[in-house]
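# What the coordinates show
Spelled out from the first residue to the last, the chains are:
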Amino acid sequence: MRQLVTTGVVLLVLGSIPFLVRFGRCHARGRMGAATLLLGLAFGHLFDPARAEATESIQKRREQGEAAGEEAGAAPSGNSPKHLSE
């Protein structure tokens, strides 16, 4: 069943690529770039569980930092990812 769903999603993504390219050429203002990015992120999120788990943990840390900052009345410290501050 999982293989059938995976195959269906892959075919859907591959089938949408020509439409996205054609639509992007007609509307060159960059609006479709965000939609394409979201489609790519969703595709990556579905098929890379380790990345999805890492993304969720980063989001939880940000939410906890924002909540702590709101409680203390100050902006949360450490907004940058750890690898950028080293």
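Calculation notes
Per chain, residue numbering runs from 1 following the sequence as it is written. Where local features are concerned, this predicted model is filtered to residues with pLDDT of at least 70; where side-chain atom pairs are given and counted, the filter is 80 or more; whole-chain, interface and lining totals use all residues. Side-chain numbers here rest on the full set of heavy atoms in the structure, without hydrogens or water. Secondary structure elements follow DSSP: runs of H or I of four or more residues count as helices, runs of E of two or more count as strands, with numbering from the N terminus. Accessible areas in this description were obtained via Shrake-Rupley with a 1.4 Å probe; residue shielding takes into account the shown protein chains only. Each residue carries a pLDDT value, the predictor's own confidence for that position, ranging from 0 to 100. Patch membership is restricted to residues that have no salt bridge and whose relative accessible area is over 30%. Joining uses 9 Å for like charges and 5 Å for the nonpolar side chains Val, Leu, Ile, Met, Phe, Trp and Tyr. A pair is scored as a salt bridge if a Lys or Arg side-chain nitrogen falls within 4 Å of a carboxyl oxygen belonging to Asp or Glu. The classification of residues rests on relative accessible area computed with a 1.4 Å probe and restricted to protein chains. Under 20% of the type maximum is buried, over 50% is exposed, and intermediate values are partly exposed.

Attention now goes to the overall build of the protein. A tally of regular secondary structure across the protein gives four helices and zero strands. From first element to last, N terminus to C terminus, the protein shows the α and β order α-α-α-α. Total accessible area on the protein is roughly 7500 Å²; 61% of this is exposed by carbon and sulfur atoms.

This part takes up the confidence of the model for the protein. Chain-level statistics for the protein give a pLDDT mean of 75 and a share of 71% at 70 or above. Ranking the helices and strands of the protein by mean pLDDT puts helix H1 (residues 2-26) first, with 83, and helix H4 (residues 82-85) last, with 52.

Among the surface-exposed residues, Met1, Leu4 and Val5 lie close enough to one another that they form a single nonpolar patch of about 380 Å² accessible area. Inspection of the secondary structure puts Leu4 in helix H1. Judged by its relative accessible area of 62%, Leu4 is exposed.

Right, let's talk about the side chain of Ser16 for a bit. Note on placement: Ser16 falls in helix H1. By relative accessible area, which is 19% here, Ser16 ends up buried.

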